[in-house]
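Coordinates in review
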Amino acid sequence: MTYDEDRQRDRSTIDEEGLAQPEQNSAAEGEATVKETPQRPPEKERRFRQTDLPEHFIERRKHPRIKTEPPPPPQPPSFEDYKPIIGQPEMDEIRFLARRLQGKTVKMVNSTAVGGGVAEILNRLVPLLNELEVPTRWEVITGGNDFYEITKGFHNALHGGDYNLTQEIQEIFLAYNEQNRQRMQFNEDLIVIHDPQPAGLIRSKPEGHGRWMWRCHIDLSNPHSGVWGFLKPMVEQYDAAVFSAPAFTRQLGIPQYLFFPSIDPLSEKNKELDESYIDKVCDDFGIDRARPILTQISRFDRLKDPVGVIEAYKLVKKYVDCQLVLAGGGATDDPEGAVVLAEVMDAAGDDPDVIILNLPPWSALEVNALQRASTVIIQKSLKEGFGLTVTEGLWKEKPVVAGAVGGIPSQIIHKLTGVLVHSVEGCAYQLRYLLTHPEFAAQLGKNGREHAKENFLITVNLKRWLLLYQIMLGVAQLSGTEATP
Ligand code: UDP
């Protein structure tokens, strides 16, 4: 189905349900909802009233106060710190699984130590595994610019992009893998290779005794046939492959497992925050907490459809007095991001209730505060990987309205843990519905948090690795009597 057909379908669904003419009833509902939201002190509210905006407001919206230096990294949490979040039984279960692996060694290999979701996960997962006495080493492969250019090309091609895979490119890729392989040892019991960049290390498998797993974090649903044809024979030498969503997999001659990506509830991005800090961040960015806040946090990328979000907001704004926060990053170092940011600014026009923030990469606390201040979180992607911003919104007990693409439908069960949309009009309709039905919105938030807790926390990810290790080593196949602690 094309995007246009999808839009049409969304409209017709709304029409069929008789919900396309909301003027008659929901304007009044909208007013009622706005009245129901907690009121700030009158002087503060006046400060941000659209009719009474200070001169510098619009300027500030475009150049908000932002830290110019990265803050020092926070102390990493220990396993025990997760107890108040996941509870004693879950803690015991994880400890039990880890105990059965004591003395078994693990090596994880990826292509970068900083930046990107994989490094973020490994930064938390590896210390936790070590704390649970499953000795885990994390190693990073090295390569020249030519290697990283090739692997970036592979990444885009595996997502369906065009690519000219020459003999020379294949040789460079294999040469760097071989160089890394020569300098690394693979004596561990379990070896986990992340993503395509180091996939060629599998050549070391016959030299050791370990079981090898390929953890693919990317969406392989529509890969470039040449690039996938080159990688597939390497992948099929592993003992198992792990993917992030059912839709991301390929037909393979090895067992496949599903591990959802995860978020860390104790990270700066997701930990609980004081209301006073949330107030401060909103004040700094010129956001009025007395009125509903719709938020999309995303790189300025057309596939995240920020302009579509503005269009949806404009439809909603006719009936409900609300603000839209579009916060993204990377627009300064990504030429395409800068173009999209300009398009977004243009679409926002001079509406002071559209707050556009171009945040530096060290804005985790600010992103956390913006998400927590939101009445509804939006992720109106047209194409998506897993969609971690959705997970973050669910975890913060927010109603989430998101495009039904990529890994988002694994997270949002329509009308139960959030709402799925296919068009600007569908998005506007759902936003307006949630703003005017706060009890339903609150219930979605509660269900969303439970769903995230059961499936998308780092502790769930940890448990899945421990289980997979047991399966790989045959420990999980012990009889019931032997398996008791
Ligand atoms: N993010 C951020 N600052 C920004 C934009 C995004 O910290 O300005 C974070 C966001 O909170 C999430 C991640 O970057 O944790 C984006 O992951 P997602 O899977 O949603 O999208 P991707 O950017 O990987 O396509």
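Placed above this text is the structure.
Throughout, residues of each chain are indexed from 1 in the direction in which the sequence is written. pLDDT decides what is reported in this predicted model: residues at 70 or higher carry local features, side-chain atom pairs at 80 or more are listed and counted, and totals for whole chains, interfaces and linings draw on all residues regardless. Heavy atoms from the whole structure form the basis of all side-chain values; hydrogens and water molecules are not counted.

1. With respect to the sheet that holds strand S3 (residues 190-194)
Where we set the bar: Each pair of strands is called paired provided DSSP finds at least two bridges between the two strands. By the criteria applied, helices consist of DSSP H or I runs no shorter than four residues and strands consist of E runs no shorter than two, each listed in order from the N terminus. Between N-to-C directions, angles span 0 to 180 degrees; the directions come from axes that are lines fitted to C-alpha atoms, helices contributing only their stretch in contact. Contacts between residues were defined by any pair of non-hydrogen atoms, one from each residue, lying within 4.5 Å.
Read across the sheet, six strands follow the order S2-S1-S3-S4-S5-S6 without closing on themselves; strand pairing throughout is parallel. Each of the sheet's edge strands pairs with one partner strand only, and the pair in question is strand S2 (136-140) and strand S6 (256-258). The average angle at which neighbouring strand axes cross in this sheet is 20°, direction not considered. For strand S1 (residues 106-110) and S2, the ladder comprises five bridges, and the chain directions are parallel. In the sheet register, Met108 faces S2, and the bridge partner there is Trp138. Packed on one face of the sheet, helix H7 (residues 117-131) meets S1, S2 and S3 and runs near 155° to S2.

2. Some points on the site of the ligand
Defined as follows: Nearness of a residue to a molecule or strand requires only that one of the residue's heavy atoms be within 4 Å of it. Under this definition, polar contacts are N or O atom pairs within 3.5 Å; protein pairs additionally need one hydrogen-donor-capable and one acceptor-capable atom, and for neighbouring residues in sequence, both atoms have to be side-chain atoms. Method for areas: the Shrake-Rupley scheme with a 1.4 Å probe, in which residue coverage is limited to the protein chains shown. Classification convention: Asp, Glu, Lys, Arg as charged; Ala, Val, Leu, Ile, Met, Phe, Trp, Tyr, Cys, Pro as nonpolar; all other residues, Gly among them, as polar.
As a matter of local geometry, the ligand sits amid 13 residues, with Arg299, Lys304, Gly328, Leu388 and Glu392 nearest to it. Here Gly328 contributes a backbone N or O atom positioned 3.2 Å from an oxygen atom of the ligand. In the complex, 76% of the free accessible area of the ligand, which totals 540 Å², lies under the protein chains. Listing elements by their share of the shell around the ligand, those giving two or more residues are strand S8 (323-329) and helix H15 (388-395). A breakdown of the residues in the shell around the ligand according to their chemical character gives three nonpolar, five polar and five charged.

3. Some thoughts on the sheet that holds strand S10 (residues 376-379)
The six strands are arranged S9-S8-S7-S10-S11-S12 in an open sheet whose pairing can be described as parallel. Two strands in the sheet have a free side with no partner beyond their single neighbour: strand S9 (354-359) and strand S12 (419-421). Adjacent strand axes in the sheet meet at a mean angle of 20° when their direction is disregarded. Across three bridges, the pairing between S10 and strand S11 (residues 400-403) is parallel. Residue Gln379 lies in a different strand from S11, and its bridge partner there is Ala402. Docked against the sheet, helix H12 (residues 306-317) engages strand S7 (293-297), S8, S9 and S10, running at close to 170° with respect to S8.

So, to be careful, I would describe these as geometric facts and stop short of saying anything about function.
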